[in-house]
Amino acid sequence: MSDPYDAAIAGAAPVRAFARTHPVWAGLVAIVIAVLLWMIFAIWPDALSDRIGSKKIFLNALFNGITLGGLYFLVASGFTLIFGLMRNVNLAHGSLYLLGGYIGFFVADITGYWLIAFPVAFVVVGFLGVLMQVFVFRRIEGQDLRQTLVTIGISIVMADLMMWSFGGDFFNISPPSWLSGPMETFFVTGVKRSSGELIFMKYPMVRLVIFAASVVVGVGMWLALNKTRIGMLIRAGVDDRDMLSATGARIEWVFVGVFAFGAGLAGVAGVVGGTFQSVAPGEDIRFLLASLVVVIVGGMGSIPGAALGALLIGLAEQFGSVYFPTYAVVLTFLIMVVVLAFRPQGLMGKA
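Residues numbered from 1 in each chain as written. Predicted model: local features only at pLDDT ≥ 70, side-chain atom pairs only at ≥ 80, totals over all residues. Heavy atoms only, no water.

Asker: Explanation requested: the overall build of the chain in the structure shown.
Answerer: Within the chain, the regular secondary structure consists of 14 helices and 2 strands. Per-residue burial for the chain yields a buried fraction of 42% across its 351 residues. Excluding contacts between residues fewer than 6 apart, the proportion of contacts in the chain whose partners are at least 24 apart in sequence is 70%. (Helix = DSSP H or I, 4+ residues; strand = E, 2+ residues; numbered from the N terminus. Buried < 20%, exposed > 50% of the residue type's maximum accessible area, 1.4 Å probe, protein only. Contact = heavy atoms within 4.5 Å.)

Asker: Whenever I open this one, the environment of leucine 288 confuses me. Can you help?
Answerer: On the secondary structure map, leucine 288 appears in helix α12 (residues 283–298). As for leucine 288 and asparagine 90, which are separated by 198 residues in sequence, their C-alpha atoms are 9.6 Å apart. For leucine 288, the contacting residues outside a window of four places in its chain are Phe79, Asn90, Leu91, His93 and Gly94.

Asker: Is there a simple way to explain the environment of methionine 183 in this structure?
Answerer: Of note, methionine 183 is situated in strand β1 (residues 182–191). Separated by 19 residues in the primary sequence, methionine 183 and lysine 202 have C-alpha atoms spaced 5.2 Å apart. Every residue in contact with methionine 183, bar those within four places of it in the chain, is listed here: Met201, Lys202, Tyr203, Met205 and Leu208.

Asker: Just checking my understanding: could you explain the pattern of salt bridges for this structure?
Answerer: Close approach of charged atoms allows side chains with opposite charge to pair. Under the defined criterion, the tally for this structure stands at 2 salt bridges. The salt bridge involving glutamate 283 is made with arginine 286; its shortest N-O contact spans 3.3 Å. Of this pair, glutamate 283 and arginine 286 both sit in helix α12, 3 residues apart, roughly one helical turn. (Salt bridge = Lys/Arg side-chain N within 4 Å of Asp/Glu carboxyl O.)

Asker: I'm lost on the nonpolar core in this one. Help?
Answerer: One recurring pattern in soluble globular proteins is that nonpolar side chains are buried together. One finds Leu71 and Tyr72 to be the most contacted residues of the largest nonpolar core, which totals 66 residues. Considering each element in turn, this core owes the most residues, 13 residues, to helix α11 (residues 251–276). Among the nonpolar cores identified, the runner-up in size contains 13 residues, and Trp44, Leu59, Met201 and Leu315 belong to it. (Core = buried A, V, L, I, M, F, W, Y, C linked by side-chain atoms within 4.5 Å.)

Asker: Explain helix α8 (residues 205–227) to me, please; I cannot follow it from the model alone.
Answerer: Structurally, the α-helix is built with 3.6 residues per turn, so residues lying three or four positions apart point the same way. Its 23 residues give α8 an end-to-end C-alpha distance of 32 Å, which sits within 8% of 33 Å, the value for a rise of 1.5 Å per residue. When α8 is considered as a whole, its buried residues turn out to be Val206, Arg207, Ile210, Ser214, Gly218, Met221 and Leu225. (Expected span 1.5 Å × (residues − 1).)

Asker: Can you walk me through the pairing of β1 in this structure?
Answerer: Each regular strand shows side chains that alternate between the opposite faces of the sheet. Here β1 runs beside strand β2 (residues 198–204); their pairing, made up of 6 bridges, is antiparallel. Across the sheet, the residue bridging to glycine 190 is isoleucine 199, located in β2. Hairpin remark: β1 followed by β2, antiparallel, with 6 residues in the connecting loop; positive phi at glycine 196, about 75 degrees. (Pairing = 2+ DSSP bridges.)

Asker: Could you clarify how one ought to interpret the packing of helix α5 (residues 93–111) against α11 in this entry?
Answerer: Helix packing geometry: the angle between the two helix axes and the distance between the axes. Remark: α5 packs on α11, axes separated minimally by 7 Å, with the N-to-C direction vectors making an angle of 55 degrees. One finds that α5 runs oblique with respect to α11. Between α5 and α11 lies a crossing of right-handed hand. Residues His93, Leu96, Tyr97, Gly100, Gly101 and Gly104 of α5 form the contact with α11, whose own contacting residues are Gly262, Ala263, Ala266, Gly267, Ala269, Gly270, Val271 and Gly273. Here the residues of the contact of α5 with α11 sort into 6 nonpolar, 8 polar and no charged. (Axes fitted to C-alpha atoms, helices over the stretch in contact; angles between N-to-C directions. Parallel < 35°, antiparallel > 145°, perpendicular 65-115°, else oblique. Left-handed = near helix turned anticlockwise from the far one by under 90°. Nonpolar A, V, L, I, M, F, W, Y, C, P; charged D, E, K, R; others polar.)

Asker: Got a minute to help me understand the packing of aromatic side chains in this structure?
Answerer: Aromatic ring pairs are reported here in terms of the distance separating the ring centres and the angle at which the planes meet. Enumeration over the complete set of coordinates arrives at 18 aromatic pairs. Both rings, one in tyrosine 97 and one in phenylalanine 287, keep their centres 4.1 Å apart while their planes meet at 25 degrees; by these two values the pair is stacked. A residue pair is termed long-range when its members are at least 10 positions apart, and tyrosine 97 in helix α5 and phenylalanine 287 in helix α12 qualify at 190 residues. For phenylalanine 287, a relative accessible area of 0% gives the class buried. Considering the side-chain rings of phenylalanine 105 and phenylalanine 106, the 5.1 Å spacing of their centres and the 80 degrees angle between planes classify their relative orientation as edge-to-face. Classification of phenylalanine 106 by relative accessible area gives partly exposed; the value is 29%. (Phe/Tyr/Trp six-rings, centres within 6.5 Å; stacked < 30°, edge-to-face > 60°.)

Asker: Sorry if this is basic, but what is going on with the side chain of serine 77 here?
Answerer: With respect to the secondary-structure elements, serine 77 resides in helix α4 (residues 55–85). At a separation of 3.1 Å, a polar atom in the side chain of serine 77 contacts the main-chain carbonyl oxygen of leucine 74. Not counting residues within four places of it along the chain, the set of residues in contact with serine 77 comprises Met221 and Leu265. (Polar contact = N/O pair within 3.5 Å; in protein donor to acceptor, adjacent residues only side chain to side chain.)

Asker: Before we go on, may I ask you to explain the environment of isoleucine 210 in this structure?
Answerer: Within the secondary structure layout, isoleucine 210 lies in helix α8. Given the relative accessible area of 7%, isoleucine 210 is considered buried. In this structure the C-alpha to C-alpha distance between isoleucine 210 and valine 272, which are 62 residues apart in sequence, comes to 7.4 Å. Here isoleucine 210 is in contact with Trp114, Val272, Thr275 and Phe276, once residues within four sequence places are set aside.

Asker: I'm lost on the side chain of serine 302 in this one. Help?
Answerer: Assignment of secondary structure puts serine 302 in the loop between α12 and α13 (303–323). With residues up to four places along the chain from it excluded, the contact list for serine 302 reads Thr80 and Met348.

As far as function goes, none of this settles anything; it's purely spatial.
Here it is as structure tokens:
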């Protein structure tokens with residue numbers, strides 16, 4: 001069993017290597033981190049609050065960006081499994097997200113149990129993913145253009161069917177009472193002038209709980225892909241499918257399972273999105289574009305890359321909407337352009 005101290009030293013090696021090869025960039029990153037930590041934990045002077053707004057607005061934008069990044073990760077992690085690892089171009093992924101949101105709303109509304117919506121959406125949307133993999137993608141394996149056109153057609157048909165079935169209304173999934181309401185955190189947003197008492201930030205508990213769940217899902221996926229036999233089969237099948245099939249492995253069933261899991265994650269993300277925001281027509285396109293940007297920024301096939309990309313895009317959207325509302329959309333694509341210019345394979349993708 002390896003020593004935790006040795007593991008920590010090994011994990012810090014890439015950081016030291018980056019600092020040696022790029023000292024200027026390493027210094028700038030260190031300064032940005034130091035300033036960010038000061039802005040999070042320090043009590044702001046009045047001059048700073050007058051210039052950029054109150055610390056409460058800043059912390060809300062920060063937390064909203066982080067939790068939105070968790071939602072984007074749930075959608076994009078399934079997309080990166082299907083697109084990044086299996087090389088299947090599934091542009092109907094946003095429709096799977098929207099379908100999961102509708103299923104989650106009606107299941108929670110009929111049963112009265114919010115938690116039941118998650119496994120039901122996962123199973124139903126995952127089963128639809130199995131049908132897509134067996135009857136669509138298996139027949140056009142390796143034909144990227146045909147996959148693109150076919151899945152665009154599937155997404156259009158699914159969008160029309162959902163519009164016909166559920167109408168154009170907005171649906172909100174209500175969390176249980178024990179998750180409703182704000183939770184007091186240990187972040188100080190200000191000081192009462194009269195008594196000198198510290199004011200602590202309050203934040204919706206449901207968003208924090210769902211973000212923690214997305215972290216657990218991400219860690220579990222990384223461990224499954226890198227530390228288990230099924231993960232080894234998936235990676236080997238992507239690299240050399242014919243050679244793996246020659247060993248007797250049923251790679252086609254492995255890929256069906258991966259596709260079903262990725263589609264199921266999109267369905268679960270739909271329930272999360274309906275709880276965070278709302279379920280409505282047009283959300284499928286929005287989250288498909290977000291997934292594409294996250295995978296491009298983070299790197300195709302990389303779970304840590306999807307997490308990092310989702311966090312960056314979520315923070316850019318929220319801080320942009322608060323401080324640069326006119327250019328909020330531009331910030332997201334600016335990040336993608338910069339990453340493609342300096343690291344075309346993505347932040348954590350392989351060359």
